Amino acid sequence: MTEIEIKAHVYDRDTLLKKLREFAAYSQTVERYDTYYHLYTENALPNGKPYISCRIRKELNKTAEGVRETVFLTYKKKESLSSDPKKAVEVNDEKETVISCTEAVISLLSDIGFKEAHRKTKKVMDFTTETEFGTATLELCNVEKLGDFLEIEILSESSDEKIVESIKTELKKLLEKSGIPESQIEPKYYTQMLRELAEKT
């Protein structure tokens, strides 16, 4: 699947929630605990990075029956983001699977040569709405140490350039519908922001 995603800073949660409830359906509240692993390579990859990256995510889903825990292994081939906020849309080739034994996967990654790179914690309120390109997910995220963000994502079975460009336009329309200007789009990855914050402190 091709994941097309945009994220923007949120400075007023209450106002955003009011807007979201006008056109999107509340889905769930989850907590996500991400650990990233890097395998460094001798030569830079096509995306310019000197490493292959994967993620193990523990997701806690709060339901009426209690808390359900699911663990995912995710591998993404990321397209570099533009430094221009108005063009900062992520397009990722994403592969993801549920894993039942985290320790076994971590052991395998270690034996292959992957090293733990960094961690990230998000508390998320999920909303969904239908578009001509399928279901769009809108997530109000609180990222530990970084603050609140709105992530809007559409998954596409096609990576056709024209379709991807149309979906990018749809994401920006949803952002506007949510009451957030394009000037609040964040062009950096969370991991980059966390790394820069750690360097400052």
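See the structure shown above.
The rules behind the values
- Residues numbered from 1 in each chain as written.
- Predicted model: local features only at pLDDT ≥ 70, side-chain atom pairs only at ≥ 80, totals over all residues.
- Heavy atoms only, no water.
- Phe/Tyr/Trp six-rings, centres within 6.5 Å; stacked < 30°, edge-to-face > 60°.
- Helix = DSSP H or I, 4+ residues; strand = E, 2+ residues; numbered from the N terminus.
- Buried < 20%, exposed > 50% of the residue type's maximum accessible area, 1.4 Å probe, protein only.
- Lys NZ or Arg CZ within 6 Å of the ring centre and 35° of its normal.
- Salt bridge = Lys/Arg side-chain N within 4 Å of Asp/Glu carboxyl O.
- Pairing = 2+ DSSP bridges.

Q: Mind laying out the packing of aromatic side chains, listing which residues take part and the relevant values?
A: Evaluation of the coordinates by the stated rule reveals 3 aromatic pairs. Where Tyr26 meets Phe127, the ring centres are 5.6 Å apart and the plane angle is 70 degrees; that geometry is what we call edge-to-face. With a gap of 101 residues between them, Tyr26 in strand S2 (residues 25-40) and Phe127 in strand S6 (residues 115-131) connect regions that are remote in the sequence. For Tyr26, a relative accessible area of 46% gives the class partly exposed. Accessibility expressed as a relative area gives 0% for Phe127, which makes it buried. A centroid spacing of 5.1 Å and a plane angle of 75 degrees characterise the contact between Phe149 and Tyr190, whose relative ring orientation is edge-to-face. On the criterion of sequence distance, the pair formed by Phe149 in strand S8 (residues 147-156) and Tyr190 in helix H4 (residues 190-200) is long-range, its members being 41 residues apart. Of the two residues, Phe149 and Tyr190, both sit in the buried class. The ring of Tyr33 is capped by Lys58, whose NZ or CZ atom sits 5.6 Å from the centre of that ring.

Q: So what about the pattern of salt bridges? Which residues, and what values?
A: This model, assessed by the stated rule, comprises 16 salt bridges. Close ionic contact of Arg32 with Glu139 constitutes a salt bridge, the shortest N to O distance being 3.1 Å. Of this pair, Arg32 sits in strand S2 while Glu139 sits in strand S7 (residues 134-143), and the two are 107 residues apart along the sequence. Taken as a pair, Arg32 and Glu139 share a single burial class, namely buried. Between Lys120 and Asp34 there is a salt bridge, with the nearest N and O atoms lying 3.5 Å from each other. Of this pair, Lys120 sits in strand S6 while Asp34 sits in strand S2, and the two are 86 residues apart along the sequence. Taking the relative accessible area as the measure of exposure, Lys120 reaches 6% and is therefore buried. Linked through salt bridges whose partners overlap, the residues forming this network are Arg32, Glu59, Asp126 and Glu139.

Q: How would you sum up the pairing of S7? Please name residues and give values.
A: Two strands pair when backbone bridges link them, and S6 and S7 are joined in this way by 10 bridges, in the antiparallel orientation. Bridge pairing links Phe127 to Leu138 in S7. Here S6 folds back onto S7, and the loop between the two strands holds 2 residues. Both S7 and S8 contribute to a ladder of 8 bridges, which runs antiparallel. Note that in S8 the partner of Ala136 across the bridge is Ile154. Connecting S7 to the next strand, S8, in antiparallel fashion are 3 residues, including Lys145 with a positive phi near 80 degrees.

Q: Report on unusual backbone geometry, specifying residues and quantitative values.
A: The bulk of non-glycine residues show a negative phi, and the bulk of peptide bonds are trans. Although it is not a glycine, Lys145 sits at a positive phi angle of roughly 80 degrees. Locating Lys145 in the fold gives a position in the loop between S7 and S8. Look at Lys145 and you get exposed, because its relative accessible area is 68%.

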